Amino acid sequence: MSLLDDYRINQETVLLTGEYNEYGKLCTRVIEAEKTFLVNMRPIEVINKTLLGLGSDFHAGRKSAREILGDIKMCPIKINCTLGIWLFPTKSYNDDFCIWFSLEHVQKTKPIGIRKTEVYLSYNHTFTVNIKQSTFNDRKQKAKDLREEMLKNSKGVLTFYVEPAKGLVICEGEGINRYQIRK
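Residues numbered from 1 in each chain as written. Predicted model: local features only at pLDDT ≥ 70, side-chain atom pairs only at ≥ 80, totals over all residues. Heavy atoms only, no water.

**Observations concerning a nonpolar patch on the surface**
Judged by side-chain polarity, Leu168, Ile170, Tyr179 and Ile181 come together as a nonpolar surface patch covering roughly 470 Å² of accessible area. Assessed through its relative accessible area of 57%, isoleucine 181 is described here as exposed. (Patch = residues over 30% accessible without salt bridge, like charges linked within 9 Å, V, L, I, M, F, W, Y side chains within 5 Å. Areas by Shrake-Rupley, 256 points an atom, 1.4 Å probe, with all protein chains shown as cover. Salt bridge = Lys/Arg side-chain N within 4 Å of Asp/Glu carboxyl O. Buried < 20%, exposed > 50% of the residue type's maximum accessible area, 1.4 Å probe, protein only.)

Next up, the structure:
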């Protein structure tokens with residue numbers, strides 16, 4: 001089993017979860033497309049490092065999600081709006097075994113007993129989680145709501161600015177009225 005020192009979430013990332021390696025260190029189990037491997041970082045560190053590369057971080061992502069969705073627990077997070085990467089957790093992000101599912105890779109769910117859910121994922125993966133189907137689907141829906149709202153907010157009016165024939169000449173001087181504007 002390979003152990004990577006670094007990893008960035010991408011469009012083929014199906015899920016992330018915590019897993020202890022043979023030395024008892026918390027690492028991240030990644031399922032990416034048809035492969036699986038460990039990353040020598042905690043799941044939150046993988047998410048944070050990915051977001052830092054995109055100009056944000058985990059705490060800013062949570063803050064944005066809570067601003068849009070309200071003060072909810074276990075809120076989803078936007079990784080990359082352009083690539084359509086949205087993650088949602090099964091537990092508190094502080095829990096070592098929180099599973100972060102990529103919204104685009106969750107196809108359907110099926111209840112297995114009272115508190116277990118079988119999640120059908122892209123690439124013909126299935127993952128059984130210890131969570132009620134209704135709770136899982138509520139968290140998935142929150143991720144969809146966040147995606148819709150953020151996509152709606154990112155669509156603005158396109159404005160064109162036409163350069164005037166001649167601009168202003170502004171000179172900084174001394175005193176109270178420092179700027180002199182000449183046409």
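**Some thoughts on the nonpolar core**
Ranked by size, the top nonpolar core spans 21 residues in total, and within it Phe88, Phe101, Val106, Val119, Leu121, Val129 and Phe136 carry the most contacts. The set of elements that each furnish at least two residues to this core consists of strand 2 (13-20), helix 2 (58-69), strand 6 (85-89), strand 7 (99-102), strand 9 (117-121) and helix 3 (133-154). Sort the elements by how many residues they give to this core and helix 3 lands first, with 4 residues. Other than its neighbours up to four places away in sequence, valine 119 contacts Phe101, Val106, Lys108, Thr109, His125, Thr126, Phe127, Val129 and Phe136. Judged by nonpolar contacts, the second largest core, of 18 residues, contains Phe37, Met41, Leu51 and Cys98. (Core = buried A, V, L, I, M, F, W, Y, C linked by side-chain atoms within 4.5 Å. Helix = DSSP H or I, 4+ residues; strand = E, 2+ residues; numbered from the N terminus. Contact = heavy atoms within 4.5 Å.)

**Looking at the pattern of salt bridges**
Proximity of charged atoms lets side chains of opposite charge pair with each other. Tallied over the full model, the rule gives 6 salt bridges. Across the pair lysine 49 and aspartate 6 runs a salt bridge, and its minimum N-O distance is 3.6 Å. Here lysine 49 is found in helix 1 (residues 43-52), whereas its partner aspartate 6 is found in the loop between strand 1 (3-4) and strand 2, with 43 residues between them in sequence. Residue classification places aspartate 6 among the partly exposed positions, given a relative accessible area of 36%. Put simply, glutamate 32 and lysine 35 hold a salt bridge, and the shortest N to O gap is 3.1 Å. Ionic contacts of the salt-bridge type, sharing partners, join the residues Asp6, Arg8 and Lys49 into one network.

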